[in-house]
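# Residue-level structure breakdown
Read off the chains here:
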Amino acid sequence: MLEWLKNINKDYPDFWKRYLLKFEKKSNRYVALKLESSGENSEKDIVLSIGAIGVENNSIVVNDAFDVVIMQYKYIHDNGLVNEYIVHKSKNKTSEQIAIQQFIDYIGNAVLVGYHINATIEMINQSLDKINCGRIKNEAFDVEVMYKKIHEITDKSFSLDKLFKINKIQQNEFESPFEDAFSIALLFLKFKAKLKL
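What this report covers is the structure whose coordinates are included nearby. (Residues numbered from 1 in each chain as written. Predicted model: local features only at pLDDT ≥ 70, side-chain atom pairs only at ≥ 80, totals over all residues. Heavy atoms only, no water.)

## Some words on helix α6 (residues 143–150)
What α6 keeps buried is the set Val-143, Glu-144, Met-146, Tyr-147 and Lys-148. Those residues of α6 that are buried are in contact with β5 (111–114), β6 (140–142), α7 (160–166) and α8 (177–195). Positive phi appears at Glu-152, one or two residues downstream of α6, with a value of about 50°. (Buried < 20%, exposed > 50% of the residue type's maximum accessible area, 1.4 Å probe, protein only. Helix = DSSP H or I, 4+ residues; strand = E, 2+ residues; numbered from the N terminus. Contact = heavy atoms within 4.5 Å.)

What follows is the structure, given as structure tokens:
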């Protein structure tokens, strides 16, 4: 057993202890994800929805998917906002605590892939902190960083929409986080091949 596992906080929830134990082995699985939040400040903003899809053996695994809408009543009430996607979408909505637990169970020890992935992980870490857990331990790839490395670009930034457009990945006008996660997986596979990872 890994040395740090001996010191697992006994007060951690069971799902978090299970998650930590998954890191005894390295994973061949990647998870492309997109998170929708109320803003980009991990200390003040909250997670509204998460979409993710698995990638293994250089293929997107369609039946390895995660898609959840979090009903943040306080956010909607305090800000006087009604987000049609969040409130009226027919898909099931769940609490932040349950959604984060399900997400951690889903990702396991997979390598995470996303756009501005460090900010995404920090938002998830803030949600984990609310339920007395540690911080995510997964390795991660950022598709913007990968693209810039391929083209040796150091002085320019790219929006996610721009990366989709440059790489000819068709987008609908209103994409859900899950649909964006699927498109991020496509980007990742293209970039992974070019970088020979």
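## A word on the environment of Ile-98
Secondary-structure assignment places Ile-98 in helix α4 (residues 96–107). Taking C-alpha positions, Ile-98 is 9.0 Å from Ile-70, a pair spaced 28 residues apart along the chain.

## Quick word on a nonpolar patch on the surface
Among the surface-exposed residues, Val-62, Phe-182 and Leu-186 lie close enough to one another that they form a single nonpolar patch of about 250 Å² accessible area. Relative to the helices and strands, Leu-186 resides in helix α8. Classification of Leu-186 by relative accessible area gives partly exposed; the value is 31%. (Patch = residues over 30% accessible without salt bridge, like charges linked within 9 Å, V, L, I, M, F, W, Y side chains within 5 Å. Areas by Shrake-Rupley, 256 points an atom, 1.4 Å probe, with all protein chains shown as cover. Salt bridge = Lys/Arg side-chain N within 4 Å of Asp/Glu carboxyl O.)

## Describing the nonpolar core
Inside soluble globular proteins, nonpolar side chains tend to come together where they are buried. The biggest cluster of nonpolar side chains holds 30 residues, and the ones touching the most others in it are Phe-103, Ile-104, Ile-107, Leu-128 and Ile-136. Elements with a minimum of two residues in this core: α1 (14–21), β1 (30–37), β2 (47–56), β3 (59–70), α4 and α5 (117–130). Per element, the largest residue contribution to this core is six residues, and it comes from α4. Setting aside anything within four residues of it in sequence, one finds Leu-128 in contact with Phe-15, Trp-16, Ile-100, Ile-104, Cys-133, Gly-134 and Ile-136. In this structure, Tyr-147, Phe-164, Ile-184 and Ala-185 belong to the second largest nonpolar core, which totals 23 residues. (Core = buried A, V, L, I, M, F, W, Y, C linked by side-chain atoms within 4.5 Å.)

## A closer look at the sheet that holds β6
Sheet architecture is open: six strands sit in the order β4-β3-β2-β1-β5-β6, paired in mixed fashion. The open sheet has two free edges, formed respectively by β4 (93–94) and β6, since each of these has just one partner strand. Of the pairings in the sheet, the one linking β1 to β5 comprises three bridges and is parallel in character. Looking at β5, one finds that Ala-32 is bridged to Val-113. Contacting β1, β2, β5 and β6, α5 crosses the sheet at an angle of about 70° to β1. Here α6 sits on the sheet in contact with β5 and β6, set at roughly 60° to β6. (Pairing = 2+ DSSP bridges. Axes fitted to C-alpha atoms, helices over the stretch in contact; angles between N-to-C directions.)

## Section: the side chain of Asp-180
As for its placement among the helices and strands, Asp-180 is situated in helix α8. Buried charge without a partner: Asp-180 forms no salt bridge, and the closest opposite charge is Lys-34, 4.3 Å away. Dropping the residues within four chain positions of it, Asp-180 is found in contact with Lys-34, Phe-164, Gln-171 and Glu-175. (Lys, Arg positive; Asp, Glu negative; His and termini not counted.)

## Observations regarding α4
With 12 residues, α4 ought to run about 16 Å at 1.5 Å a step, and its terminal C-alpha atoms sit 16 Å apart, in line with that. Looking one or two places after α4, you find Gly-108, whose phi comes out positive at around 50°. (Expected span 1.5 Å × (residues − 1).)

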